[in-house]
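# Structure assessment
Here is what each chain is made of, one letter per residue.
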Amino acid sequence: MNVTVKSTSRARKKAAPGVPDSARTGQDAPAELIQLLTPEGDRVENPEFPLTVSPEELRALYRDLVLVRRFDGEATALQRQGELGLWASLLGQEAAQVGSGRAMREGDYAFPTYREHGVAWCRGVDPLNLLGMFRGVNHGGWDPNEKNFHLYTIVIGSQTLHATGYAMGITKDGAEDAVIAYFGDGASSQGDVNEAFTFASVYNAPVVFFCQNNQWAISEPTINQTKIPLYRRASGFGFPGVRVDGNDVLACLAVTRWALDRARNGGGPVLIEAFTYRMGAHTTSDDPTRYRSSEETEAWKAKDPIARLRAHLEKEGLADEEFFAAVDAESEALGLRVREGVRSMPDPDPTLIFDHVYAEPHALVAEERAEYVAYAQSFEGGE
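Conventions used here
- Residues numbered from 1 in each chain as written.
- Predicted model: local features only at pLDDT ≥ 70, side-chain atom pairs only at ≥ 80, totals over all residues.
- Heavy atoms only, no water.
- UniProt positions renumbered as here; feature names shortened; annotations may be inferred.
- Helix = DSSP H or I, 4+ residues; strand = E, 2+ residues; numbered from the N terminus.
- Contact = heavy atoms within 4.5 Å.
- Axes fitted to C-alpha atoms, helices over the stretch in contact; angles between N-to-C directions.
- Parallel < 35°, antiparallel > 145°, perpendicular 65-115°, else oblique.
- Left-handed = near helix turned anticlockwise from the far one by under 90°.
- Nonpolar A, V, L, I, M, F, W, Y, C, P; charged D, E, K, R; others polar.
- pLDDT = per-residue confidence, 0-100.
- Domains from an automatic or database assignment.
- Polar contact = N/O pair within 3.5 Å; in protein donor to acceptor, adjacent residues only side chain to side chain.
- Buried < 20%, exposed > 50% of the residue type's maximum accessible area, 1.4 Å probe, protein only.
- Pairing = 2+ DSSP bridges.
- 1 Å grid on protein atoms, 1.4 Å probe; cavity = no way out; pocket = protein on both sides within 12 Å on 5 of 7 lines; lining within 4 Å.
- Points joined across faces, edges and corners; volume = space filled by probe spheres on them.
- Core = buried A, V, L, I, M, F, W, Y, C linked by side-chain atoms within 4.5 Å.

By the naming in an unreviewed UniProt entry, the protein chain is Pyruvate dehydrogenase (Acetyl-transferring) E1 component subunit alpha, taken from Kitasatospora acidiphila. The record in UniProt for the protein chain states the following under Cofactor (unreviewed entry): "thiamine diphosphate".

## A short note on the side chain of D108
Position of D108 relative to the elements: it lies in the loop between α2 (94-103) and β3 (109-111). Not counting the four nearest positions on each side in its chain, D108 is found in contact with R123, N148, D177, A178, L260 and R264.

## Notes on the packing of helix α1 (residues 55-80) against α2
The geometry of α1 relative to α2 is characterised by a closest axis approach of 10 Å and an angle of 130 degrees between their N-to-C directions. In terms of axis orientation, α1 runs oblique to α2. Seen from above, α1 lies across α2 with right-handed handedness. Every residue of α2 that contacts α1 at L61, D64, L65, V68 and R69 is listed here: E94, A95, V98 and R102. Looking at the contact of α1 with α2 residue by residue, the classes come out as 5 nonpolar, no polar and 4 charged.

## Structural notes on the confidence of the model for the protein chain
Chain-level statistics for the protein chain give a pLDDT mean of 91 and a share of 91% at 70 or above. Low pLDDT, under 50, characterises residues 1-16; the predicted model gives this stretch 45 contacts beyond four residues in sequence or across chains. Contacts for the low-pLDDT stretch residues 21-30, under 50 throughout, to residues beyond four places or in other chains number 23 contacts.

## Considerations on the domain arrangement of the protein chain
For the protein chain, the assigned domains read domain 1 (55-346) and domain 2 (349-382). Of note, the centres of domain 1 and domain 2, computed from C-alpha atoms alone, are 37 Å apart.

## Remarks on the environment of S378
Its place among the elements puts S378 in the segment after α13 (363-377). There is a polar contact of 2.5 Å between the side chain of S378 and the backbone oxygen of Y375.

## Structural notes on the pairing of strand β4 (residues 179-184)
Across the 6 residues that make up β4, a large majority, 5, are buried. Pairing of β3 with β4, which is carried by 3 bridges, proceeds in the parallel orientation. Counterpart to F111 in the pairing with β4 is A181. Pairing of β4 with strand β5 (residues 207-213) involves 6 bridges; the strand directions are parallel.

## Considerations on empty space enclosed by the protein
The probe, sized like a water molecule, is rolled over the atoms to show the empty space still left. For the structure on display, the rule yields 1 cavity of 30 Å³ or more. Empty space within the largest cavity amounts to approximately 40 Å³. Grouping the amino acids of the lining of the largest cavity by side-chain chemistry returns 5 nonpolar, 1 polar and 1 charged.

## Brief notes about unusual backbone geometry
Outside of glycine, negative phi angles account for most residues, and trans bonds account for most peptide bonds. With phi around 55 degrees, N148 is a residue other than glycine that occupies positive phi space. Along the chain, the position of N148 falls in the loop between α5 (144-147) and α6 (158-173). When its relative accessible area of 14% is taken as the criterion, N148 is described as buried. In the Ramachandran plot, I218 falls in the positive-phi region, its phi being about 55 degrees despite a non-glycine side chain. Its place among the elements puts I218 in the loop between β6 (216-217) and β7 (220-221).

## With respect to the sheet that holds β3
The 5 strands are arranged β3-β4-β5-β9-β8 in an open sheet whose pairing can be described as parallel. Each of the sheet's edge strands pairs with one partner strand only, and the pair in question is β3 and β8 (241-245). Strand-to-strand twist across the sheet, computed as the mean angle between neighbouring axes with direction ignored, equals 20 degrees. Sheet topology places β8 next to strand β9 (residues 270-275); 5 bridges connect them, and they run parallel. Looking at the pairing, D245 lines up with F275 of β9. Across the sheet, helix α7 (residues 191-202) touches β4, β5 and β9, and the angle it forms with β5 is around 150 degrees.

## Quick word on the nonpolar core
Of all hydrophobic cores here, the largest spans 71 residues; its most connected members are Y62 and L309. With 11 residues, helix α9 (residues 249-264) is the single largest residue contributor to this core. When residues no more than four places from it in sequence are discounted, the contact partners of Y62 are I306, L309, R310, L313, F323, F324 and V327.

## Here we look at the packing of α2 against α9
Relative to each other, α2 and α9 sit at 40 degrees, their axes nearing to 7 Å. Relative to α9, the element α2 is oriented oblique. As α2 runs across α9, the sense of the crossing is right-handed. Mapping the contact onto sequence places A95, A96, V98, G99, S100, R102 and A103 in α2 and V249, C252, L253, T256, R257, L260 and R264 in α9. Taken together, the residues of the contact of α2 with α9 break down into 8 nonpolar, 3 polar and 3 charged.

What follows is the structure in structure tokens.
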């Protein structure tokens, strides 16, 4: 899907596009939210981030949001039924992920955490590959270099260093691509993230740091992570920061497209803080009712990313009931495919875990493998 954001295209070695006033950093930087679509579904124009999007592209974005939410919900249900070991839901964060994911070009490379299911969808990763990892039947399930989408990273914040190093390599190769690194508000306190900021700034790496500030780092609120808006941290490292409405798919699309264009054109890194909310638990092992109020969650329901885009489509007469019914039917079909696909996944050979520990044969691993095989065989054929 191609959505046009008006920008100036320049060669990498030439001057980069300017930084919009609302994105400039410093002590006097405004804490305003970049928004192109209100919670009521009204379109807002922002001259610093102009976006031209067709009715077909709007409908495609709506479809993305609905289908991503559906397979995420199915995954949560499957975990509750004992079919998955764990699941990290993205409920409420669909717009941030779909908007930024659709802003990427084919050659751009994404480095996710463990919650970027919407970005994975935009990069063409089959949902069953995601679920296979959480079921424990594969080690990722997709080829990162085929999808330009790295495997999920469980260690908090480490992917920002990987992304920065990859972006530095892009510069040395002379390629005109960009990198985007996803992380949460809690990860912003990690040393890895701040080290990545330093390297990216000093080496002018073409990387966009996309922070999904969903208000809660497991059970700790953002106020316990920072005394200033997260996007302002970029100023201390010498590059721009922008705060965008993370529940507005159009704003996330426009701002991320601008940041990636800027990076490709030699402008260096940008920090995007997508101000959103985690509607569900941190993972299926978490109980959010122990640390946040139901009133807070209810207030964020009124900002739902899918509801606002649907409201816009209906107000502008850009989609009819036949379209919405077709998307709902496709959603049902996806849910069925996910349920049946997960339950039919074959168990892997347990000895596979020993096969790729080292690139070359290793005596200790061979010994451990033989010991495990003997142990497993001791249970065969008897009670």
